[in-house]
Amino acid sequence: QVQLVESGGGLVQAGGSLRLSCAASGSISSINTMGWYRQVPGKQRELVATITRGGNTNYAGSMKGRFTISRDNAKNTVYLQMNSLTPEDTAVYYCNARSFLATVYWGQGTQVTVSS
């Protein structure tokens, strides 16, 4: 089992920045990919970005250039630096981990609200 705990969400003005963190615990060695997804009420959860254990990254198109995902394997933590935020980025952001056997784990989510 893997437990994921997010932090860093909050309220920010448009154009501002936030940094989300997600700390993993439990069966850490089983984790390959970690990432961030987001969801707004009434819509499907969508990919934000992922990063493999080796550091390969993947971003949703609209996040490229504004968001940066990084990972500290020694601290079992993944980060999401979000810049140039817009009200459209308002959502609950979920940390995700996928094991080498394709088991998926989710954090509890952290609210990000961007005011105009």
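See the structure printed just above.
Figured I'd write up the structure that's included with this text. (Residues numbered from 1 in each chain as written. Predicted model: local features only at pLDDT ≥ 70, side-chain atom pairs only at ≥ 80, totals over all residues. Heavy atoms only, no water.)

### Comments concerning the pairing of strand β9 (residues 91-99)
- Of all nine residues that make up β9, seven are buried, and the element is covered over most of its length.
- Direction of pairing for strand β4 (residues 31-39) relative to β9: antiparallel, over a ladder of eight bridges. Directly across from Gly-35, in β9, lies its bridge partner Asn-96.
- As paired elements, β9 and strand β11 (residues 110-115) share three bridges and run antiparallel to each other. Bridging from a neighbouring strand, Val-92 pairs with Gln-111 of β11.
- As defined by bridge partners, β9 adjoins strand β10 (residues 104-106) across three bridges and the pair is classed as antiparallel. Paired with Asn-96 across the bridge in β10 is Trp-106.
- Connecting the antiparallel pair β9 and β10 is a turn made up of four residues, with Ala-102 showing a positive phi of about 75°. (Buried < 20%, exposed > 50% of the residue type's maximum accessible area, 1.4 Å probe, protein only. Helix = DSSP H or I, 4+ residues; strand = E, 2+ residues; numbered from the N terminus. Pairing = 2+ DSSP bridges.)

### Quick look at the environment of Ser-27
- Structurally, the position occupied by Ser-27 is in the loop between β3 (18-26) and β4.
- Expressed as a C-alpha distance, the spacing of Ser-27 and Tyr-59, which sit 32 residues apart in the sequence, is 26 Å.
- When sequence neighbours within four positions are dropped, the list of residues in contact with Ser-27 reads Gln-1 and Val-2. (Contact = heavy atoms within 4.5 Å.)

### Some remarks on the side chain of Glu-6
- You can see Glu-6 is positioned in strand β1 (residues 2-7).
- We note that Glu-6 is buried and unpaired, the nearest opposite charge coming from Arg-45 at a distance of 7.5 Å.
- Side-chain polar atoms of Glu-6 contact the backbone nitrogen of Cys-95, separated by 2.7 Å.
- Of the polar contacts made by the side chain of Glu-6, one reaches the backbone nitrogen of Gln-108; its length is 3.0 Å.
- Beyond its immediate stretch of four places on either side in the chain, Glu-6 contacts Ser-21, Cys-22, Trp-36, Tyr-93, Tyr-94, Cys-95, Gly-107, Gln-108, Gly-109 and Thr-110. (Lys, Arg positive; Asp, Glu negative; His and termini not counted. Salt bridge = Lys/Arg side-chain N within 4 Å of Asp/Glu carboxyl O. Polar contact = N/O pair within 3.5 Å; in protein donor to acceptor, adjacent residues only side chain to side chain.)

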